[in-house]
Amino acid sequence: MRHHRVRGGQLRVYLGAAPGVGKTYKMLGEGQRRLARGTDVVIGFVETHGREHTAAMVEGLELVPRRIVDYRGASFTELDLDALLARRPEVALVDELAHTNVPGGRNEKRWQDIEELLAAGIDVISAVNIQHLESINDVVEKITGVPQQETVPDRVVRAADQIELVDMTPEALRRRMAHGNVYAADKIDAALGNYFRVGNLSALRELALLWLADRVDAGLQQYRAQHDIDSTWEARERVVVALTGGAEGETLIRRAARIAARSSGGDLLAVHVARSDGLTGADPKRLAEQRNLVESLGGTYHQVVGDDVPLALLTFARAENATQLVLGGSRRSRLSAITGPGIGSSTIRDSGDIDVHIVTHSQMGRGRLPRLRGSLSRRRKVQGFVLSVLLQPILALALDLGGDRINLTSDVLAFLLAVVVVALVGGLWPALVTAVGGSLVINYFFTPPTKTFTIAEVNNALALAIFVLVAALVSSVVDRAARRTRQAARAAAESETLATLAGSVLRGETALPALLERVREAFGMTSACLMERVDDDELTEIWRPIASAGTPTCRRPEDGDAEIPGRDDLVLVLQGRQLAADERRLVGAFAAHAAALVDRARLSEAAAEAKPLAEADKLRTALLRAVGHDLRSPLASAKASVTSLRSDDVEWTESERSELLETADESLDRLSRLVDNLLDLSRLQAGVLPVFTRPMALDEVIPGVLAELGDDGARVVVDIPHTLPLIEADPALIERVVANLVANALRYSPPDRGPLVTGSSLGDTVEIRVIDRGPGIPREDRDRVFAPFQRLGDTDNTVGVGLGLALARGLAEAMQGSVQPEDTPGGGLTMVVSVPAATTADVPVPGAREREGPK
């Protein structure tokens, strides 16, 4: 969706798959080219990250000075938006599109600054990495294991007038890093072994290519819609496979999937047409199985309603810009060919530029001769009247040639047969016309006296009267049967649609947009919108859309062609055409389900709000169970020591007195640490723990940690590189985090091999590793160790209530960091504390991700 800008500037974005592919370098190169053409170009903000080749591209370009911001005792530099607006260049180069501004400015994000520049009529060139797009941020974290703190909404990047992909193979990027063109020498090994693995880079590259391909495809579809282009443009192979619910469905799906796989980026779409006059062989259970198969092969399943199956298939295919359509060979027998061309032949005839594949299968030619069924359509009625007009003179001529050998009874029965045949073809009214016309023909030609409408004998008059009555009754019965057949077929089509709805519920598809898209597709609408009534007063009704599918989106129920109430305050609004009465009943089921989804979502929100209360109750219960012994033990030890010292019955020596005092002191220290942990954990649970971060060196943390550990601190080996950047952390909290992890490592380390504390940096993150050579933790139990008030395999709480790791992770996350366990090579456990690197006047703001150019 594009932003609507009135005479605004244009945005150009360089999109990269990973840091180091050359986005900033390309951005500066474009600035140099425009400057050479005489365009007024300035640099609003650029990050060279100390890279020689990128810095060289800055030369010759005017640089707007950065704004210096003081925050929590440190100075940072930011884009000076006011100065750039006052300078008002033609083009501004603004790097780091997803950057988070230091608090204190008027915009939280840099992309918001860029929107102000665009609104002022200034063209902007910027750069961003694929991992910072909001829609795939979680996918990137699963691939790389590195959470991205800064994101930019997809709509901002999609709204760009130009998006250029800066691409590079993983091998080339790793060679660039190995040559020192991306990171400093001390960061290269860690980067190549973690974020910049070949698999990670390949996955990020594929994400960037697919995201950009979808954006290009959306632009193509918009262009086709604006210019009313209905013909297929084969920009991407889209294969549609038609499913009937027959046994041949799996064969067709796999064949269509192979066709789609031959083209890189090909799409597979399966469609089932629920006919209003029924579809022979449709099996809801089998359709559900085939839908699962389609989705497992990476395709999508769709269902539409249409009386004319070939027309419905081709309409759907053209709407999806499909290039190929896969159909199964006809199951009709050879005798069925006399009833007209099959679906395959009709589809091929009208397919135009869509390639149609007829796939053979084992069910071909095994269908039965179609049952003669009544139809109330206009076409069938016309056919009935034509048959009546032709059949009566032919039958009269044939009976007249029979002469005296055929009596009146045979004549009546012959015309009665004609009435039945016409009734089967055209229904009630053509049959009644045939009955009346037949009675007149019999009276005139075959009832004495002939050649006159006079009837001499009473029995002949009675016979003709009975003939007309029987013909009328037979016609009525046949017509009624035809109506019931049509209604049953319609009910079957509705049940298939409802079965699909029920299947989506059972599969957990609860997203309102997905449900509305299913309604829009099934009933051939242009848009579907669920609206909720908000009453401001008794005289005014205000409606607000909750979810929608298709375009345009309704703003009021009156904007639509059909309004289906889901309940008193919810209405499903459809645009595209008027609904028939039976269709409204079916859409009502979807509307009711949509209302149920809204209620379920709100109940889920209420449950989510209540969850913290339940967790708090659970925490209090666990606390009462777990701390009884832990509070009593140090209290009892301290109490016994103090009571002994105050006793007048015993004469204590100086060494005994010192030992008792030491015991009391240790017990009170344990009690103090336990109370501090409990208070901090409760503050974390309540979300009120104060956090005051500032830039600090990791060397400042270690002395406090060792001092807190007392004599056990002598067993800890510390190896912190002096080249590590500063970290952005709360000094007291980061010390508690490391101290708790080291204390846990000491508890499980062998006596002769104490834990190791070391550090490294990767991008804008500093990692502190606490390594022990203990028994380690099984992978399936790694999340459990961070739960408070328990310890894996422990049967008592003599060494604490198990708060250390839970508190360490909670404190780290409060500082925008994390704590993750890893296996120690050779045996043991490594706890990795990741905290943001601090920023100075020459490096990005905390949490910023690098967006750099090539070397």
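Calculation rules
- Residues numbered from 1 in each chain as written.
- Predicted model: local features only at pLDDT ≥ 70, side-chain atom pairs only at ≥ 80, totals over all residues.
- Heavy atoms only, no water.
- Helix = DSSP H or I, 4+ residues; strand = E, 2+ residues; numbered from the N terminus.
- Contact = heavy atoms within 4.5 Å.
- Areas by Shrake-Rupley, 256 points an atom, 1.4 Å probe, with all protein chains shown as cover.
- Axes fitted to C-alpha atoms, helices over the stretch in contact; angles between N-to-C directions.
- Parallel < 35°, antiparallel > 145°, perpendicular 65-115°, else oblique.
- Left-handed = near helix turned anticlockwise from the far one by under 90°.
- Nonpolar A, V, L, I, M, F, W, Y, C, P; charged D, E, K, R; others polar.
- Phe/Tyr/Trp six-rings, centres within 6.5 Å; stacked < 30°, edge-to-face > 60°.
- Lys NZ or Arg CZ within 6 Å of the ring centre and 35° of its normal.
- Pairing = 2+ DSSP bridges.
- Buried < 20%, exposed > 50% of the residue type's maximum accessible area, 1.4 Å probe, protein only.
- Core = buried A, V, L, I, M, F, W, Y, C linked by side-chain atoms within 4.5 Å.
- Polar contact = N/O pair within 3.5 Å; in protein donor to acceptor, adjacent residues only side chain to side chain.
- Arc of directions from axis to C-beta.
- Salt bridge = Lys/Arg side-chain N within 4 Å of Asp/Glu carboxyl O.
- Patch = residues over 30% accessible without salt bridge, like charges linked within 9 Å, V, L, I, M, F, W, Y side chains within 5 Å.
- Lys, Arg positive; Asp, Glu negative; His and termini not counted.
- Charge placed at Lys NZ, Arg CZ, Asp CG, Glu CD.
- pLDDT = per-residue confidence, 0-100.

A few words now on the overall build of the protein chain. Secondary structure summary: the protein chain contains 23 helices and 24 strands in total. Taking as baseline every contact in the protein chain between residues at least 6 positions apart, the subset at least 24 positions apart corresponds to 71%. Of the roughly 42700 Å² of accessible surface on the protein chain, 54% is carried by carbon and sulfur atoms.

What follows is about the packing of helix H12 (residues 309-319) against helix H13 (residues 343-350). Packed helix pairs are characterised by how far apart their axes lie and by the angle those axes make with each other. Relative to each other, H12 and H13 sit at 45 degrees, their axes nearing to 9 Å. As the angle between them shows, H12 and H13 are arranged oblique. In the packing of H12 onto H13, the handedness of the crossing is right-handed. Residues Val309, Pro310, Leu313, Leu314 and Arg318 of H12 touch H13, and the partners they reach there are Ile343, Ser346, Thr347 and Asp350. Of the residues in the contact of H12 with H13, the class split is five nonpolar, two polar and two charged.

As a further point, take the packing of aromatic side chains. Counted under the stated rule, the structure contains zero aromatic pairs. For arginine 110, the ring lying beneath its charged end belongs to phenylalanine 45, and the centroid distance is 3.8 Å.

The next thing to look at is the sheet that holds strand E10 (residues 267-274). Within the open sheet, the five strands sit side by side as E11-E10-E9-E12-E13. Their pairing is parallel. Looking at the sheet topology across the chains shown, the edges are occupied by strand E11 (300-305) and strand E13 (355-359). With direction set aside, neighbouring strand axes in the sheet form an average angle of 25 degrees. When strand E9 (residues 238-243) meets strand E12 (residues 324-328), the two strands line up parallel, connected through three bridges. When the sheet's bridge partners are listed, valine 239 is paired in E12 with glutamine 324.

Let us look at the environment of valine 691. Along the chain, valine 691 turns up in the loop between helix H20 (654-686) and strand E18 (694-696). A residue is classified by how much of its surface remains accessible, and valine 691, at 19% relative accessible area, is buried.

If you look at the biggest cluster of nonpolar residues, it comprises 61 residues, and the most contacted ones within it are Leu28, Leu93, Ile130 and Val152. Sorting elements by how many residues they give to this core places helix H9 (residues 198-226) first, with six residues. Discounting residues that sit within four places of it in the chain, leucine 93 has contacts with Met27, Leu28, Gly31, Val41, Val42, Ile43, Gly44, Phe45, Leu61 and Ile125.

A separate point is the packing of helix H21 (residues 701-709) against helix H22 (residues 731-748). Closest axis-to-axis distance for the H21/H22 pair is 9 Å, and the angle between their directions is 50 degrees. Taken together, the axis directions place H21 and H22 in an arrangement best described as oblique. In terms of crossing hand, the pair formed by H21 and H22 is right-handed. Every residue of H22 that contacts H21 at Val701, Gly704, Val705, Glu708 and Leu709 is listed here: Ile734, Glu735, Val738, Ala739, Val742, Ala743 and Leu746. Here the residues of the contact of H21 with H22 sort into nine nonpolar, one polar and two charged.

Its identity as a non-glycine residue notwithstanding, arginine 88 has a phi of 50 degrees, on the positive side. When you line up the elements, arginine 88 lands in the loop between helix H3 (81-87) and strand E6 (91-94). Since its relative accessible area comes to 51%, arginine 88 is described here as exposed. Positioned with a positive phi, glutamine 816 is a non-glycine residue whose angle comes to about 65 degrees. Examined against the element boundaries, glutamine 816 turns out to sit in the loop between helix H23 (804-814) and strand E23 (818-823).

By the element assignment, lysine 23 lies in helix H1 (residues 23-36). There is a polar contact of 2.8 Å between the side chain of lysine 23 and the side chain of asparagine 129.

This paragraph deals with helix H4 (residues 110-119). Inspection of H4 places Arg110, Trp111, Asp113, Ile114, Leu117 and Leu118 among the buried residues, and these make up the whole buried set. On an axial view of H4, the arc spanned by its buried residues comes to 150 degrees, and they lie on one face. At the exit of H4 stands glycine 121, carrying a positive phi of roughly 90 degrees.

Turning next to the sheet that holds strand E24 (residues 829-836). Across the sheet, five strands lie side by side as E19-E21-E22-E24-E23; this open sheet has mixed pairing. Each edge of the sheet is formed by a strand with only one pairing partner; in this case those strands are strand E19 (717-719) and E23. Averaged over all neighbouring strand pairs, the angle between strand axes comes to 25 degrees, with direction disregarded. As paired elements, strand E22 (residues 765-771) and E24 share seven bridges and run antiparallel to each other. When the bridges of E24 are listed, threonine 765 appears paired with proline 836.

Take the pattern of salt bridges next. A complete count under the given rule lists 19 salt bridges for this structure. In this structure, the salt-bridge partner of arginine 110 is glutamate 78, at a minimum N-O distance of 3.1 Å. Placement of the pair is arginine 110 in helix H4 and glutamate 78 in strand E5 (residues 74-78), with a sequence separation of 32 residues. On the basis of relative accessibility, which here comes to 0%, the residue arginine 110 falls in the buried class. Glutamate 78 sits in the buried class, given a relative accessible area of 1%. Of the charged contacts, one joins arginine 291 and glutamate 295 as a salt bridge, the two residues approaching to 3.1 Å between their closest N and O atoms. With arginine 291 and glutamate 295 both in helix H11 (residues 284-296), this residue pair falls four residues apart, about one helical turn. For glutamate 295, a relative accessible area of 32% translates into the label partly exposed.

With that settled, consider a negative patch on the surface. There is a patch of like negative charges on the surface, built from Glu656, Glu659, Glu662, Asp665, Glu666, Asp669, Asp711 and Asp712. Tracing the backbone shows aspartate 669 in helix H20.

As a further point, take the environment of valine 305. Inspection of the secondary structure assignment puts valine 305 in strand E11. Separated by 219 residues in sequence, valine 305 and glycine 524 place their C-alpha atoms 7.4 Å apart.

Looking now at the confidence of the model for the protein chain. Interpretation of the predicted coordinates at a detailed level should be avoided for regions scoring low in pLDDT. On average, residues of the protein chain score 76 in pLDDT, and 76% of them are at 70 or above. A low-confidence stretch, residues 1-6 (pLDDT under 50), is modelled with 14 contacts involving residues beyond four sequence positions or located in other chains. Segment residues 367-376: pLDDT under 50, and 21 contacts once partners within four positions in sequence are set aside and those in other chains are kept.

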